[in-house]
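Take a look at the letters that make up each chain.
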Amino acid sequence: MESRRLGLNGPLVSSLGLGCMGMSDFYGPAEEAESIATIHDALDAGITLLDTGDYYGMGRNELLLRDALKGRREKAFICVKFGAQRAPDRSWLGNDTRPNSVKNFLAHTLTRLGTDYVDLYQPGRVDPNVPIEDTVGAIADMIKAGYVRHLGLSEASAATIRRAHAVHPVAALQVEYSLVTRDIEAETLPALRELGISVVCYGVLSRGLLATSSVKARSRADSRQYFPRFQADNLEKNLAVVKTLESLAAEIGASPVQLALAWVLHRGQDIVPLIGARRRPQLHEALGALSLRLTPQDLSRIETRIPGSAIAGTRYPSDAMSTVNR
């Protein structure tokens, strides 16, 4: 497992991270023992970066990590997102990143995780009602107090990132980035590289869309039924894109999952993609991306046959799209 640095002088983490959200929320039921076994296999494979959110499963994901990391805390670099508010029926109520709320959320996170500190702490979304300077200032206070090691942001615009970085160094921005979601290349990624901030990217498989061209109907418990890329005519068009990816992967001698991950890995040493595996076979397949060495010719062929405009539909429903790139 190779390492990559978060920020100019920040910590070294594994070149692939494990996104734990799906083990507790959004994609239907998951088996806890299998989730823990998957986390253990990830750690044994050299993955150090584990990503969660205090609102994933209303805290259940953090409790899952606590159980998985018993006796292994020192092997993990834990990234936690906070700020989202949810009701008992799991509906979304908005965001709260006021300074006192930041410290309150963190206190509960430390308790659920059973740890004395969080390696990287970040608001899951930019709160339009709270100056980013206030939110970052509160996290900086927690860094000084030893409860947090590094500051991160998520789905923030280039302008917001600059304002935050002026208050306290930002180690990484978490944002969706993939072969079919390249929005950040226009303004955000150049700003990050100017400032020396790394990228931790989720949605590398576009929520499983790029994994296979035989995507089946989702259950009511699976949030993907509400996502435009999985709906009606969009899905039909997008599965044609996935077939192209399958063809490219076969030419290179890889699976579509491995090729999609390898493409992101080749975008720069400052980018760390997350694997959203919930089961060990998914994890082991994804790890195969590390052995792929794509040539400039390979990358050019992939991007010619699957341009950024190839996918149909936005990555989120319209109301959720309004919360990104703030």
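Coordinates for the structure precede this section.
From a predicted model like this one, the values you see are computed outputs, not experimental measurements.

Chemist: Would you mind going over unusual backbone geometry with me for this structure?
Modeler: Most peptide bonds adopt trans geometry, and most residues besides glycine take a negative phi value. Of note, the phi angle at Arg90 is positive, near 75°, even though the residue is not glycine. If you trace the backbone, Arg90 turns up in the loop between strand 6 (84-86) and strand 7 (92-95). For Arg90, a relative accessible area of 33% corresponds to the partly exposed category. Residues other than glycine seldom take positive phi values, yet Asn325 does so here, at roughly 55°.

Chemist: Would you take a moment to explain helix 10 (residues 296-305) for this structure?
Modeler: Each α-helix turn comprises 3.6 residues. Residues three or four places apart therefore point the same way. Among the residues making up helix 10, those that are buried are Asp298, Leu299 and Ile302. Axial view of helix 10: buried residues confined to an arc of 95°, hence all on one face. Seen from the buried face of helix 10, the exposed residues on the opposite side, beyond 90 degrees, are Pro296, Gln297 and Thr304. Those residues of helix 10 hidden inside the fold are in contact with helix 7 (232-252) and helix 8 (256-265).

Chemist: In this structure, what is going on with the side chain of Asp119? I would like to understand it.
Modeler: Within the secondary structure layout, Asp119 lies in strand 8 (residues 118-123). A distance of 3.0 Å separates the side chain of Asp119 from the side chain of Arg73, its partner in a polar contact. Only 2.8 Å separates the side chain of Asp119 from the backbone nitrogen of Ile78, close enough to count as a polar contact. Contact partners of Asp119, with chain neighbours within four places excluded, come to Arg73, Ala76, Phe77, Ile78, Arg149 and His150.

So, how was this worked out
- Within each chain, residue numbers correspond to sequence positions counted from 1 in written order.
- Local features in this predicted model are restricted to residues of pLDDT 70 or higher, and side-chain atom pairs are both shown and tallied only at a pLDDT of 80 or more, whereas totals for entire chains, interfaces and linings draw on every residue.
- Where side-chain values are given, they derive from all heavy atoms of the structure, hydrogens and water being excluded.
- To qualify as a helix, a DSSP run of H or I must reach at least 4 residues; to qualify as a strand, a run of E must reach at least 2; elements of each kind are numbered from the N terminus.
- Working definition: with a 1.4 Å probe on protein chains only, accessible area under 20% of the residue-type maximum means buried, over 50% means exposed, and in between means partly exposed.
- As used here, the arc belongs to the directions running from the helix axis to the C-beta atoms.
- Contact criterion: two residues are considered in contact whenever any of their non-hydrogen atoms come within 4.5 Å of each other.
- Pairing of N or O atoms within 3.5 Å defines a polar contact, subject to two protein rules: one partner must be a possible hydrogen donor and the other a possible acceptor, and residues neighboring in sequence count only if both atoms are side-chain atoms.

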